[in-house]
Amino acid sequence: MYDPENRLTDAYEPEVGNLPNEDGGRDEENVVKTGTTTVGISTENGVIIATDRRASLGGRFVSNKQVQKVEQIHPTAAMTLVGSVGGAQSFIRSLRAEADLYEVRRDEPLSIHALATLAGNFARGGPYFAINPIVGGVDEEGSHVYSVDPAGGVLEDDYTVTGSGTMVATGTIEGQYDPEMSLGEARDLAIRAVNAAAERDTGSGNGVVLAEITDEGVEIDAFDDYETAE
């Protein structure tokens, strides 16, 4: 059963925050974290989401080098995993189920704004470890990129970055982003941003996962190195 006393003590720390280590609590040393750098870039023709592939134990040991940190949650939308792996996976399963249920009941997909709002509601009120995912998608109103903070705040922007490599990746994008860039140019920029973060952030690395989202659907590919992805 969900115990509200067993929530994170500081939801705004990088990765997943501090975990209670009292009797019956969770041991931070044994929680698998994604660490992570996740990037979302919106263009006129679609959305690019890029992430690294590393998971770590306690932020010091690389526990997995092939994590897929982007999952499709909607016919034309995807979301990243940021935070504890178990919490992020549970969050995605819950959100995907709600999106599927809405489509079955209404015979139409959930709008991307409504999907991001639902993600924020889950983050604020659900039994999840602190997460800070990106929701990106395309609907009748165009292309959208949202960041969802651990307290449930939802912010839309032309591009956004979350995770422990945020500062480096944001600096890479800031000087090169163009609102009129093509989907291919956004893909190249997202790869460069994740690569730059991996050079300095110990929680990021081991290749890149790319999601290309258009009105036709979501295509996700994983690459062991950044040169291959380009």
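Everything below is about the structure shown above.
Within each chain, residue numbers correspond to sequence positions counted from 1 in written order. Residue-level local features of this predicted model are given only where pLDDT is at least 70; pairs of side-chain atoms are given and counted only at 80 or more, and the full residue set underlies all totals for whole chains, interfaces and linings. Here the side-chain values reflect all heavy atoms present in the structure, with hydrogen atoms and water set aside.

**Student:** Is there a simple way to explain the nonpolar core in this structure?
**Tutor:** As a rule of thumb, soluble globular proteins bury nonpolar side chains together. Remark: nonpolar core denotes a set of buried residues (Ala, Val, Leu, Ile, Met, Phe, Trp, Tyr, Cys) joined through side-chain atoms within 4.5 Å. Only protein chains enter the accessibility calculation, which uses a 1.4 Å probe; a residue whose area is less than 20% of its type maximum is buried, one above 50% is exposed, and one in between is partly exposed. By size, the foremost hydrophobic cluster in this structure holds 23 residues, and its most contacted members are Val39, Ile41, Ile173, Tyr177, Val208 and Leu210. Note on conventions: DSSP H or I runs of at least 4 residues are helices, E runs of at least 2 residues are strands, and numbering of each starts at the N terminus. It is helix α4 (residues 183-200) that contributes the most residues to this core, eight residues altogether. Contact between two residues is taken to exist if any of their heavy atoms lie within 4.5 Å; hydrogens are not considered. When sequence neighbours within four positions are dropped, the list of residues in contact with Leu210 reads Ile48, Ile49, Ala50, Arg187, Ile191, Glu219, Ile220, Asp221, Phe223 and Ala229. Core analysis: the second largest hydrophobic core is formed by 21 residues, Ala77, Met79, Leu95 and Ala99 among them.

**Student:** Before we go on, may I ask you to explain the pattern of salt bridges in this structure?
**Tutor:** When the charged atoms of two side chains with opposite charge come close together, those side chains can pair. Any carboxyl oxygen of Asp or Glu that lies within 4 Å of a side-chain nitrogen of Lys or Arg is treated as forming a salt bridge with it. This structure, assessed with the given rule, holds three salt bridges. Residue Lys69 is joined to Asp52 by a salt bridge in which the shortest nitrogen-to-oxygen separation is 3.0 Å. Remark: Asp52 occurs in the loop between β3 (46-51) and β4 (55-57) and Lys69 occurs in the loop between β5 (61-64) and β6 (70-74); sequence separation between them is 17 residues. Neither residue differs from the other here; Lys69 and Asp52 are each classed as buried. Close ionic contact of Arg53 with Asp224 constitutes a salt bridge, the shortest N to O distance being 2.7 Å. Of this pair, Arg53 sits in the loop between β3 and β4 while Asp224 sits in the loop between β13 (217-223) and α5 (226-229); the two residues are 171 residues apart in sequence, bridging distant segments of the chain. Overall, Arg53 belongs to the buried group, its relative accessible area being 8%. Accessibility expressed as a relative area gives 58% for Asp224, which makes it exposed.

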